[in-house]
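# Residue-level structural notes
What follows is the residue order along each chain.
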Amino acid sequence: MEDKKIIFSGVQASGFLTLGNYIGALRNWAKLQDDYNCLFCVVDQHSITVRQKPADLRKNAMDILKLYIASGIDPHKNILFFQSHVPQHVELAWVLNCNTYMGELQRMTQFKDKASRHSDNINAGLFTYPVLMAADILLYQTDVVPVGNDQKQHLELTRDIAQRFNNIYGDVFKVPEPYIGSVGARVMSLQDPTKKMSKSDSNPNGYIAMLDDPDTIVRKIKRAVTDSESEVAYREGKDGINNLLNIYSAVADKTIDEAVAEFSGKGYGDFKVAVAEAVVECLRPVQQKFNELSKDKGYIESIYKEGAARAERMAARTLRKVYKKIGFIER
Ligand code: ATP
Ligand code: LTN
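Structural notes, computed from the coordinates.

## Structural notes on the layout of surface pockets
Volume-wise, the second largest pocket comes out at about 320 Å³. In terms of lining, the second largest pocket is formed by Q88, E91, A316, L319, R320, Y323, K324, F328, I329, E330 and R331. Elements that contribute at least two residues to the lining of the second largest pocket include exactly α4 (88-97) and α13 (297-326). Top contributing element to the lining of the second largest pocket by residue count: α13, with 5 residues. Across the lining of the second largest pocket, the residue classes break down as 5 nonpolar, 1 polar and 5 charged.

## Let's talk about the site of ligand 1
Neighbouring residues of ligand 1: 17 residues in total, closest S14, V187, K196, S198 and S200. In this structure, an oxygen atom belonging to ligand 1 sits 2.8 Å away from a side-chain N or O atom of S14. Between D150 and ligand 1, the recorded distance is 3.4 Å, taken from a side-chain N or O atom to an oxygen atom. The protein chains hide 94% of the 600 Å² of surface that ligand 1 would expose on its own. The greatest single-element share of the shell around ligand 1, amounting to 4 residues, is contributed by helix α1 (residues 19-32). A per-class count over the shell around ligand 1 returns 4 nonpolar, 8 polar and 5 charged.

## Section: the site of ligand 2
Q12, Y129, M133, D136 and Q151 are the nearest of the 13 residues found near ligand 2. At 2.6 Å from a nitrogen atom of ligand 2 is found a side-chain nitrogen or oxygen belonging to Y129. Within the side chain of D136, one N or O atom sits 2.7 Å away from a nitrogen atom of ligand 2. Surface burial for ligand 2 is 90%, taken as the share of its 360 Å² of free accessible area covered by protein chains. When contributions to the shell around ligand 2 are tallied by element, the ones reaching two or more residues are β1 (6-12) and α7 (124-138). For the shell around ligand 2, a count of residues per class yields 7 nonpolar, 5 polar and 1 charged.

## Considerations on the environment of D34
Tracing the sequence through the fold places D34 in the loop between α1 and β2 (37-43). Not counting residues up to four positions away in its chain, the partners in contact with D34 are K4 and K77. Within the structure, the side chain of D34 is placed 2.9 Å from the side chain of K77, a separation counted as a polar contact.

## Quick word on a positive patch on the surface
Together, R313, R317, R320, K321, K324 and K325 make up a region of like positive charge exposed at the surface. Turning to its location among the elements, R313 is positioned in helix α13.

## Details of α1
Compared with the 20 Å implied by 1.5 Å per residue over 14 residues, the 19 Å span of α1 between its first and last C-alpha is a close match. Residue A25 marks the point of greatest curvature in α1, where the axis turns by about 30°. Burial analysis of α1 places 12 of its 14 residues in the buried class, the great majority of the element. By the burial criterion, the buried members of α1 are L19, G20, N21, Y22, I23, A25, L26, R27, N28, W29, A30 and L32. Near the N-terminus of α1, the side chain that reaches the backbone nitrogen of G20, with its oxygen 3.0 Å away, is that of T18.

## Comments concerning the pattern of salt bridges
Inspection of the entire model under this criterion finds 18 salt bridges. Between R117 and D113 there is a salt bridge, with its nearest N and O atoms 3.1 Å apart. Of this pair, R117 and D113 are both found in helix α6 (residues 109-117), 4 residues apart, which corresponds to roughly one turn of the helix. Owing to a relative accessible area of 37%, D113 belongs among the partly exposed residues under this scheme.

## Some remarks on the side chain of K199
Tracing the backbone shows K199 in the loop between β5 (177-179) and α9 (214-222). Buried charge K199 goes without a salt bridge, the closest partner of opposite sign being D150 at 8.8 Å. Engagement of the side chain of K199 in a polar contact is seen with the backbone oxygen of Q12, the distance being 3.0 Å. Within the structure, the side chain of K199 is placed 3.1 Å from the side chain of S14, a separation counted as a polar contact. Excluding residues within four positions of it along the chain, K199 makes contact with V11, Q12, S14, G15, F16, L17, T18, N21 and Y207.

What counts as what
- Within each chain, residue numbers correspond to sequence positions counted from 1 in written order.
- Chain letters start at A and ligand numbers start at 1, both assigned in the order the entries are written.
- Under the rules for a predicted model, residues below a pLDDT of 70 receive no local features and side-chain atom pairs below 80 are neither given nor counted, while totals for whole chains, interfaces and linings still include all residues.
- Only hydrogens and water are set aside; all other atoms, that is, all heavy atoms of the structure, feed into the side-chain values.
- Put plainly, a pocket is an open set of points on a 1 Å grid over the protein atoms alone with protein on both sides within 12 Å along at least five of seven lines, a cavity is a set where a 1.4 Å probe fits but cannot get out, and a lining residue has an atom within 4 Å of a point.
- Grid points are joined across faces, edges and corners, and a volume is the space filled by probe spheres set on the points.
- Here a helix means four or more residues in a row that DSSP labels H or I, a strand means two or more in a row labelled E, and each is numbered from the N terminus.
- Each residue is assigned to one of three groups, with Ala, Val, Leu, Ile, Met, Phe, Trp, Tyr, Cys and Pro labelled nonpolar, Asp, Glu, Lys and Arg labelled charged, and all others, Gly among them, labelled polar.
- Residue proximity to a molecule or strand is established when one non-hydrogen atom of the residue lies within 4 Å of it.
- Identification of polar contacts relies on pairs of N or O atoms within 3.5 Å, with a donor-acceptor requirement for protein atoms, meaning one able to donate a hydrogen and the other able to accept it, and with residues adjacent in sequence counted only if both atoms are side-chain atoms.
- Using the Shrake-Rupley algorithm and a 1.4 Å probe, accessible areas are obtained, with residue cover drawn only from the displayed protein chains.
- Two residues form a contact once any of their heavy atoms are found within 4.5 Å.
- Here the term patch refers to residues with relative accessible area over 30% and no salt bridge, with like charges joined within 9 Å and nonpolar side chains (Val, Leu, Ile, Met, Phe, Trp, Tyr) within 5 Å.
- Any Lys or Arg side-chain nitrogen located within 4 Å of an Asp or Glu carboxyl oxygen qualifies as a salt bridge.
- In this tally Asp and Glu are treated as negative and Lys and Arg as positive; neither His nor the chain ends contributes.
- To locate a charge, the coordinates of NZ of Lys, CZ of Arg, CG of Asp or CD of Glu are taken.
- One less than the residue count of a helix, multiplied by 1.5 Å, gives the span that helix is expected to have.
- Across the chain, bend at a residue is computed as the angle between axes fitted to the seven residues ending at that point and the seven starting from it.
- Relative accessible area decides the class of each residue, using a 1.4 Å probe on protein chains only: under 20% of the type maximum gives buried, over 50% gives exposed, and in between gives partly exposed.

So this is what it looks like as structure tokens:
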């Protein structure tokens, strides 16, 4: 690989990717591929911290890989792979588990949130989820990790674990930095605009899936929760309209001010139709590319096999160093 900084990021295979994933992650990742050496992983092992149906997991994981490519992430410039294909992730996670405190994990807001939403299945994996994420990142001597706000706490923990390990055993890990993208917009749920749009939302009307057909997109946006006023304006208290303005601005590539000006004097109905059309147009080329890729299983297989092989070579190097430092006997 060329001598560029290393980026690692991943998406869980816990549902259909949403417009939030596209605007907040995939689309931005595609812009990084020329300036960094990037690894983009489908973190399927993280997904099973919440119960998944095997057939759904299989399909979702494969769809995500295809959506990476369909979003413009070049599989030859970047390393694309499934986490479960590179065994070093869980191997390092064990070592890091032994260097992470219960108290640190108890403070993680995602754990608290997911534990309350899945109170019938508060498993140990859900608790140590951030440690596997730290392993993902540290295995590749990652410089920069593009993550949304919700993952910053996990990245802070990754840095703490890396520094702690380095202090005890000598320098092994690069301490990664978060990458804060220029587009700060968080896409919120269409049904509850105070919560982020999430692929694991049990109500499909809350999110737009990247693969939703145009009619579904129009229907979901028409049903989006707004407020009892009638003015398209961006201000506090108008969470639903603010969210639609953010979405419009992101997919139509306009500033919020431009968007507000465009809809001044128009009603919510017209506004929603325009937002829906802009979303449909934005996703159209991605869906087309996705459909083409779906016809060529052999090609996709060659991409993820090659990706795993390249990732494993990098991962094995770090793991070997770690094992040596902690005193495991060399094989
Ligand atoms: P889940 O709801 O299953 O936890 P998710 O939809 O939040 O998943 P992740 O796999 O956690 O998706 O996130 C993948 C990437 O997409 C992350 O970088 C995350 O910050 C980004 N992302 C997810 N949802 C949004 C959103 N609503 N707006 C902007 N970015 C998002
Ligand atoms: N926890 C992340 C997904 C994830 C990740 C990673 C992101 C797992 N491992 C490593 C960046 C780097 C999420 O839920 N978005």
